[in-house]
Amino acid sequence: MVEAPKVAENIMTDWLGLPPLAATHGTQIDSLVGWIHVFMLILFVGWGGFFAYCLVRFRRSRHPVANYTGVKSHASNYLEVGVAVVEAILLFGFAVPLWAARISDIPPESGSLIVQVTGEQFAWNAHYAGPDGVFGRTDIQLLDLQANPLGLDRSDPAAKDDVTTVNQIYLPVNKPIIVRLRSKDVIHSFGVPEFRVKQDAVPGLTIPIWFVPDVTTAEMRTRTGNPEFQYEIACAQLCGLGHYRMRGFVTVQTAEEFQTWMEATIKEQGEIGSDPFR
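The model shown is predicted, which means the values in this text are computed figures rather than measured ones.

Trainee: Any details on the pattern of salt bridges? Residues and values, ideally.
Mentor: Under the defined criterion, the tally for this structure stands at six salt bridges. Of the charged contacts, one joins Asp153 and Arg137 as a salt bridge, the two residues approaching to 2.2 Å between their closest N and O atoms. In this pair, Asp153 is assigned in the loop between strand E2 (123-128) and strand E3 (163-166) and Arg137 in the loop between E2 and E3, connecting sequence segments 16 residues apart. A relative accessible area of 9% places Asp153 in the buried class. In this structure, the salt-bridge partner of Glu232 is Arg247, at a minimum N-O distance of 2.9 Å. One end of the pair, Glu232, is in strand E9 (residues 231-234); the other, Arg247, is in strand E10 (residues 247-253), and 15 residues separate them in sequence. Classification of Glu232 by relative accessible area gives partly exposed; the value is 27%. The exposure class of Arg247 is partly exposed, given its relative accessible area of 40%. Among the charged side chains, a network of salt bridges with common partners joins Arg137, Asp139 and Asp153.

Structure follows, in structure tokens:
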């Protein structure tokens, strides 16, 4: 027997063209999107039918002379009130509670992976705190677009085990992820459709978003039948002439694979940071 959530996901992906789900909260987002589409379909059919009725009912051959008295029925008022009620239900019954949950129910940092993601023209920079859980100091004087795009001060003891990447974000599956969004220059927008997340990165602000990825990249490749599949970060705000090429990628791994990647990258970047001539 096919599970109801799976049936709902198939409807959203097959009928509405949404990408496959890969985050635990995605069903709530898709449910809201689905109800909005049902409401739009009802409005489309209703108003389209009413328009066709008016064309026939008030055609010129039947009413050659205009009637200036107008319609005395209040049916249209009732319909407009009904539409407003349904819109209020969608807004206050679905959208606001869902938004509030994403904003106020951020999981505790102690049980989450925190990644600082900084947008710039035209790349996504990721910063991991490492095993000590403390982000190292950054200094604008140390900024180097090629070697050190975040200005990480490797002389800071807290930065010894930090990891930075450009346009590549690695995440463990089934673990809460808190992304702290920032921007160096202009407004960018961090969006991964499969995770049902999208948030602007605004200069001068640090904006947290969170989600729990529940499908690894390898599993999604099997599910989609595409061996080249990647979770893509697309900037959804026009941020300059190179906006079209501001692409990043997320790789969701098992906990063991992520730990292996983290340890290898800490070692690699630690060796580079300790050699000033490298």
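On we go from here.
Trainee: Report on the pairing of E2, specifying residues and quantitative values.
Mentor: Within E2, six of the six residues are buried, which leaves the element mostly enclosed by the surrounding structure. Residue alternation in E2 divides its side chains into two sets, Ala123, Asn125 and His127 and Trp124, Ala126 and Tyr128, and both sets are buried. Pairing of strand E1 (residues 113-120) with E2, which is carried by six bridges, proceeds in the antiparallel orientation. Within E2, the residue paired with Gly119 across the bridge is Trp124. Between the end of E1 and the start of E2, which pair antiparallel, lie two residues. Here E2 pairs with E3 via four bridges, running antiparallel.

Trainee: An account of helix H3 (residues 75-104) is requested, with residue identities and associated values reported.
Mentor: Compared with the 44 Å implied by 1.5 Å per residue over 30 residues, the 42 Å span of H3 between its first and last C-alpha is a close match. For H3, the principal kink sits at Ala95 and spans about 30 degrees; a proline, Pro97, occurs within the next four residues. Next to the buried residues of H3 lie helix H2 (26-57) and strand E8 (207-211).

Trainee: Summarise the environment of Arg102; cite the residues concerned and give the values.
Mentor: Inspection of the secondary structure puts Arg102 in helix H3. Along the sequence, Arg102 and Pro208 sit 106 residues apart, while their C-alpha atoms lie 9.9 Å from each other. Not counting the four nearest positions on each side in its chain, Arg102 is found in contact with His25, Trp210 and Phe211.

Trainee: Talk me through the packing of H2 against H3; I want residue IDs and the actual numbers.
Mentor: Taken N-terminus to C-terminus, the directions of H2 and H3 make an angle of 170 degrees; their axes are 10 Å apart at the nearest point. Taken together, the axis directions place H2 and H3 in an arrangement best described as roughly antiparallel. On the side of H2, the interface is formed by Gln28, Ile29, Leu32, Trp35, Ile36, Phe39 and Leu43, while H3 contributes Val83, Val86, Glu87, Leu90, Phe94, Ala95 and Leu98. Along the lines of polarity and charge, the residues of the contact of H2 with H3 split into 12 nonpolar, one polar and one charged.

Cut-off values and rules
The residue count restarts for each chain, going from 1 along the sequence in the order it is written. The model is predicted, so local features are restricted to residues of pLDDT at least 70 and side-chain atom pairs to those at 80 or more, both for listing and for counting; the totals for chains, interfaces and linings are taken over all residues. Excluded from the side-chain calculation are hydrogens and water; included are all heavy atoms of the structure. By convention in these notes, a salt bridge is any Lys or Arg side-chain nitrogen within 4 Å of a carboxyl oxygen on Asp or Glu. Runs of E in the DSSP output that reach at least two residues are strands. Runs of H or I that reach at least four are helices, and both are numbered from the N terminus. Partly exposed residues are those whose accessible area sits between 20% and 50% of the maximum for their type, while under 20% is buried and over 50% is exposed, using a 1.4 Å probe and protein chains only. DSSP-based pairing: two strands are paired if at least 2 bridges between them are found. To estimate the expected span of a helix, subtract one from its residue number and multiply by 1.5 Å. What we call the bend at a residue is the angle made by axes fitted to the seven residues finishing there and the seven residues starting there. Contact definition: two residues touch when any of their heavy atoms are within 4.5 Å. Lines are fitted to the C-alpha atoms to define the axes, a helix being fitted only along its stretch in contact, and any angle between axes, read from their N-to-C directions, falls within 0 to 180 degrees. By the definition adopted for this analysis, an angle is roughly parallel if under 35 degrees, roughly antiparallel if over 145, roughly perpendicular if from 65 to 115, and oblique otherwise. Residue polarity is assigned by list, with Asp, Glu, Lys and Arg as charged and Ala, Val, Leu, Ile, Met, Phe, Trp, Tyr, Cys and Pro as nonpolar; anything else, Gly included, falls into the polar class.

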